[in-house]
Amino acid sequence: MSTFSATDRPLYEVKANLFKGLAHPVRIRVLEVLQTSPHVSVAALLADTGLEASHLSQHLSVLRRHNLVVAERRASQVFYSLAYPQVSDLLSIAKSLLVEVLQSTQRQLAETVNEEATR
């Protein structure tokens, strides 16, 4: 069993909380939309996600709390953007990893089917 020193634990917890902030499909979708444009209005996010305003607001609140997005008010509209460019990098790496995992799983499945067919 490994133990973490007091200085390691806070960063570990911060990392875990970051992933908690990402742990919902709607929040991932919001971040993907924000990857495509530097500033996206709440109205555009509502149209893209199809959510009710109150539900989108809850998800945006989680993303703000985890420092993944920032909000900017312009007159009566609120616009969101990624808090850091690395958020976009993280999403791209996750996509690349998932594609690789799925390809590996498909290969394993095909091998299993072929093995069973030759029996």
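Structure shown above.
Residues numbered from 1 in each chain as written. Predicted model: local features only at pLDDT ≥ 70, side-chain atom pairs only at ≥ 80, totals over all residues. Heavy atoms only, no water.

(A) Examining the nonpolar core more closely. Ranked by size, the top nonpolar core spans 18 residues in total, and within it Val30, Leu31, Leu34, Leu45, Leu60, Leu63 and Tyr80 carry the most contacts. Secondary-structure elements contributing two or more residues to this core are helix 2 (25-36), helix 4 (53-65), strand 3 (77-82) and helix 5 (85-117). If you tally residues by element for this core, the top one is helix 2, at five residues. (Core = buried A, V, L, I, M, F, W, Y, C linked by side-chain atoms within 4.5 Å. Buried < 20%, exposed > 50% of the residue type's maximum accessible area, 1.4 Å probe, protein only. Helix = DSSP H or I, 4+ residues; strand = E, 2+ residues; numbered from the N terminus.)

(B) Region of interest: the pairing of strand 2 (residues 69-74). Relative to strand 3, strand 2 runs antiparallel, the two sharing six bridges. Among the inter-strand pairings, glutamate 72 is bridged to a residue of strand 3, identified as phenylalanine 79. (Pairing = 2+ DSSP bridges.)

(C) Region of the structure containing the layout of surface pockets. By volume, the largest pocket is sized at about 270 Å³. As for the largest pocket, its lining consists of 13 residues, of which Leu90, Leu91, Ala94, Lys95 and Leu98 are closest to the centre. Contributions of two or more residues to the lining of the largest pocket are made by helix 1 (8-22), helix 2 and helix 5. Top contributing element to the lining of the largest pocket by residue count: helix 5, with eight residues. Split by residue class, the lining of the largest pocket holds nine nonpolar, two polar and two charged. (1 Å grid on protein atoms, 1.4 Å probe; cavity = no way out; pocket = protein on both sides within 12 Å on 5 of 7 lines; lining within 4 Å. Points joined across faces, edges and corners; volume = space filled by probe spheres on them. Nonpolar A, V, L, I, M, F, W, Y, C, P; charged D, E, K, R; others polar.)

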